[in-house]
Amino acid sequence: MMATAVKIATTSLARDGVRRESGKPLPAAIVLESDGAQNRGTLAPLTAARQARAAGIRVYGVALGTPGGTVSFGLGAYVNTIPVPPDLATVRLVASTTGGKAYGARTASRLVDIYRSLGSSIGHRSETREVTSWFAAAAAVLLLAAV
C-alpha cells in the first residue's frame, strides 16, 4: 500500500510539473494508519519506507489500537478471535526513516487530535509575496502607452 501511495504521489506531482529539488523532500506526505503489522503483500515496511525516502516523501504513521485489542470473525460456534495489538515500534521506524513522525492512537479523540496536528503542519503553507513591483511595472507600461 505504501509503495502504491508513493507512486501515486510522485506521478501526480510530476504531471503538475513539480520536480524534487536536490536534498529537499517533495511537497507531499503520506499519512499511514496501521496497527504496524505486515499481514498482506511481500514488501516489508522498512523497504517501503526506504522507497518513500528515496522519492522524497515523508510518512506520518498513526498506530491504531490498544495493547489488548482483538478482532473476532465467524458465526455461531465458529467464531475466531485474534489479538491485534498495535506495533508502534514499526510505525515509528517507518516514520523516522522517511523524516516523518509517528503517533499512537488508542481512542477516537486521540485520533482527532492527531489529525488536527497533522492538518496544521502538513496541510498547507502560507506565503507572503511582494507584488508591488508588478503594479509599478503595469503603471509604467500604461504611462508609456499614454505618452
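Cut-offs used in this document
- Residues numbered from 1 in each chain as written.
- Predicted model: local features only at pLDDT ≥ 70, side-chain atom pairs only at ≥ 80, totals over all residues.
- Heavy atoms only, no water.
- Helix = DSSP H or I, 4+ residues; strand = E, 2+ residues; numbered from the N terminus.
- Rg over C-alpha atoms; globule rule 2.2 N^0.38 Å.
- Contact = heavy atoms within 4.5 Å.
- Areas by Shrake-Rupley, 256 points an atom, 1.4 Å probe, with all protein chains shown as cover.
- Lys, Arg positive; Asp, Glu negative; His and termini not counted.
- Charge placed at Lys NZ, Arg CZ, Asp CG, Glu CD.
- pLDDT = per-residue confidence, 0-100.
- Core = buried A, V, L, I, M, F, W, Y, C linked by side-chain atoms within 4.5 Å.
- Buried < 20%, exposed > 50% of the residue type's maximum accessible area, 1.4 Å probe, protein only.
- Salt bridge = Lys/Arg side-chain N within 4 Å of Asp/Glu carboxyl O.

1. Points about the overall build of the protein chain
Broken down by element type, the protein chain carries five helices and five strands. The order of α-helices and β-strands along the protein chain, N terminus first, is α-β-α-β-β-β-α-β-α-α. The C-alpha atoms of the protein chain give 23 Å as radius of gyration, which overshoots the globular expectation for 147 residues (15 Å, by more than 25%). Over its C-alpha atoms, taken along the principal directions, the protein chain stretches across nearly 95 × 30 × 30 Å. At a minimum sequence separation of 6, the contacts of the protein chain that also span at least 24 residues come to 67%. For the protein chain, the exposed area adds up to about 10300 Å²; of that, 58% sits on carbon and sulfur atoms. Averaged over its 16 positive side-chain charges, the protein chain has a centre that lies 5 Å from the centre of its 8 negative ones.

2. Focus: the confidence of the model for the protein chain
Caution applies to low-pLDDT parts of the model: their predicted coordinates are not meant to be read in detail. Overall, the prediction assigns the protein chain a mean pLDDT of 86, with 97% of residues at 70 or greater. Taken element by element, the predicted model of the protein chain shows its lowest mean pLDDT in helix α5 (residues 132-146) (77) and its highest in helix α3 (residues 88-98) (93).

3. Considering the side chain of S34
As for its position among the elements, S34 is in strand β1 (residues 29-34). Excluding anything up to four places from it in sequence, S34 contacts V62, A63, L64 and V91.

4. A short note on the nonpolar core
Among the nonpolar cores identified, the biggest contains 14 residues, and M2, V6, I30, I57, V59 and V94 are the most heavily contacted of them. Of all elements in the fold, only α1 (2-15) and α2 (45-55) reach the threshold of two or more residues within this core. Core analysis: the next-biggest nonpolar cluster, separate from the first, contains six residues, Y60, V62, A105 and I114 among them.

5. Digging into the pattern of salt bridges
Counted under the stated rule, the structure contains two salt bridges. Among the ionic pairs, E21 bridges to K24, the shortest N-O distance being 3.6 Å. A salt bridge links R116 to D113, with the shortest nitrogen-to-oxygen separation between them at 3.6 Å. With R116 and D113 both in helix α4 (residues 108-122) and three residues apart, the pair spans about one turn of that helix. With relative accessibility at 41%, the residue D113 sits in the partly exposed group.

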